Amino acid sequence: MEDNFVNSVLTLYKEKNWKAIVNTYRDYPERNKLLWVFPTEKNFLFLRQCLVELGCDRILSIGCGSGLLEWMITEATGLLVSGVEVDGAWWRCKYAPPNFIPLLFTAPTLDKDTKSLLRNANSTALLFCYFNNGPAFKDYLEYFSGNVLIIIGPGEGKGVHTDPKPFDQVPEWTLHAREEVGNTKDFIAVYCKNPKS
Ligand SMILES: C[S@@+](CC[C@H](N)C(=O)[O-])C[C@H]1O[C@@H](n2cnc3c(N)ncnc32)[C@H](O)[C@@H]1O
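Numbers given for residues are sequential positions, taken from 1 along each chain in its written order. Totals for whole chains, interfaces and linings use every residue, but because this is a predicted model, local features are given only for residues with pLDDT of at least 70 and side-chain atom pairs only at 80 or more, for both listing and counting. Side-chain measures were taken over the full set of non-hydrogen atoms in the model, leaving aside hydrogen atoms and water.

Novice: Before we go on, may I ask you to explain the overall build of the chain in this structure?
Specialist: A tally of regular secondary structure across the chain gives 6 helices and 7 strands. Listed by position from the N terminus, the elements making up the chain come as α-α-α-β-α-β-β-α-β-α-β-β-β. For 197 residues, the compact-globule estimate of 2.2 N^0.38 gives 16 Å, and the C-alpha radius of gyration of the chain, at 16 Å, lies within 12% of that figure. The principal-axis extents of the C-alpha atoms in the chain amount to approximately 55 × 35 × 35 Å. Each residue gets one of three labels from its accessible area relative to the maximum for its type: buried under 20%, exposed over 50%, partly exposed in between, using a 1.4 Å probe on protein chains only. In the chain, which comprises 197 residues, the share counted as buried stands at 48%. Contacts between residues were defined by any pair of non-hydrogen atoms, one from each residue, lying within 4.5 Å. In the chain, once contacts between residues fewer than 6 apart in sequence are set aside, the share between residues at least 24 apart is 58%. Each accessible area is a Shrake-Rupley result for a 1.4 Å probe, and residues are judged covered by the shown protein chains and nothing else. Here the chain displays about 10300 Å² of accessible surface, and carbon together with sulfur accounts for 49% of that area. Only DSSP runs of H or I covering at least 4 residues are called helices, and only runs of E covering at least 2 are called strands; the numbering of each starts at the N terminus. For the radius of gyration, the atoms used are the C-alpha atoms, and the globule rule reads 2.2 Å times the number of residues raised to 0.38.

This is the structure in structure tokens:
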């Protein structure tokens, strides 16, 4: 059943049919084998509108997993999205999920290349979807030179833990806009960096 799911998504990916992927699998029990949150078509428009408004034309997604979300964002919005994953044996083992975008790998402690990517991030929004590593989140923000941050994850009452959560207080950042993913209790929160005083 699980393999059928992965194979069906791969077929739709080859057909560039992201709409069928999100509409078919948003509530599918095994969905997080490939992706934790399947946004709605409206969510993609919301994301695009926020990023255009805030002067971003690309996204750097940290902890992107298979990259399925990142590929769908590019297909749905035209925004360029690249994805970073932590290096490890998992991504080279035969049970690892397929990759929908080329992955950029980093060491568990940020390496030179990743720091340089974060420091040269004009017009780039930093995305964390169902990220689960609070200390690493802080490190990424410390080196990030851009002004827009997106956190996708569970709201109150979803009963799932992530770090960060979409509505955690993020020092030096202010919530700009938010939207629920259908009626799933998952949220997309878009933050702007506070101006320096
Ligand atoms: C719960 S998964 C979410 C994956 C994907 N974003 C999604 O929504 O399906 C969290 C991901 O964060 C990655 N991760 C954890 N620490 C990381 C770090 N320091 N740098 C990059 N990725 C990291 C893990 O390898 C894992 O793939």
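Continuing now.
Novice: Sorry, what's going on with the environment of asparagine 7 here?
Specialist: Relative to the helices and strands, asparagine 7 resides in helix H1 (residues 2–14). For the pair asparagine 7 and leucine 149, spaced 142 residues apart in sequence, the C-alpha separation works out to 32 Å.

Novice: Help me out: how do you make sense of unusual backbone geometry in this one?
Specialist: Residue proline 164 is bonded to the preceding aspartate 163 through a cis peptide linkage, with omega at 10°. Relative to the elements of secondary structure, proline 164 occurs in the loop between strand S5 (148–154) and strand S6 (173–180). Unusually for a residue other than glycine, lysine 185 sits at a positive phi of about 70°. Checked against the element boundaries, lysine 185 lands in the loop between S6 and strand S7 (186–193).

None of the figures reported here should be taken as evidence of function without further support.
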